[in-house]
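Notes for the structure review
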Amino acid sequence: MVLPATALLLPLDIEIDPNSNGLPGIGELKQIVGASMTVGLILAVLALIISAIVWALGANSSNPHLAGRGKLGVLVAVGAAIVCGASVTLVNFFWNVGQQV
């Protein structure tokens, strides 16, 4: 079987890796992302505290709607903290999975 001439011109192996010196400002961008992760974690803690207070007020005042909103807020705050804290690990994991495809 003879391959067409265009098939021989296509690159067979492409190697592209991320680098930290390709563009100016990469270091500053890393600092901005790190600072935004810190702000996200602080806001998650604040949301957790407020939601726990709402949950306690709802439970003590026999208001199931308010208690339910507080419980949901606690779950959302914990989920946000997990995502903020594990974001770098998740991105690295899926980057490594993508490199094996």
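As recorded by an unreviewed UniProt entry, the protein carries the name Integral membrane protein and is attributed to Nocardioides marmotae.

Further remarks concern the overall build of the protein. Regarding its fold elements, the protein presents 3 helices and 0 strands. Counting from the amino terminus, helix and strand elements in the protein follow one another as α-α-α. In the protein, 48% of the contacts between residues at least 6 apart in sequence involve partners at least 24 apart. Here the protein has roughly 8,300 Å² of accessible surface; of this, 72% comes from carbon and sulfur atoms.

An ideal rise of 1.5 Å per residue puts 52 Å on 36 residues; helix H3 (residues 64-99) measures up with 49 Å between its terminal C-alpha atoms. Along its length, H3 shows its largest kink, about 60°, at Ala86. Restricting attention to buried positions, one finds in H3 the residues Ala67, Gly70, Gly73, Val74 and Ala77. On its buried side, H3 packs onto helix H2 (26-60).

All chains considered together, the criterion is met by 1 aromatic pair. Residues Phe93 and Phe94 carry aromatic rings whose centres are separated by 5.0 Å and whose planes lie at 75° to one another, so their mutual orientation is edge-to-face. According to the relative accessible area criterion, Phe93 is partly exposed, its value standing at 47%.

How each quantity is defined
Residues numbered from 1 in each chain as written. Predicted model: local features only at pLDDT ≥ 70, side-chain atom pairs only at ≥ 80, totals over all residues. Heavy atoms only, no water. Helix = DSSP H or I, 4+ residues; strand = E, 2+ residues; numbered from the N terminus. Contact = heavy atoms within 4.5 Å. Areas by Shrake-Rupley, 256 points an atom, 1.4 Å probe, with all protein chains shown as cover. Expected span 1.5 Å × (residues − 1). Bend = angle between axes of the 7 residues up to and from the residue. Buried < 20%, exposed > 50% of the residue type's maximum accessible area, 1.4 Å probe, protein only. Phe/Tyr/Trp six-rings, centres within 6.5 Å; stacked < 30°, edge-to-face > 60°.

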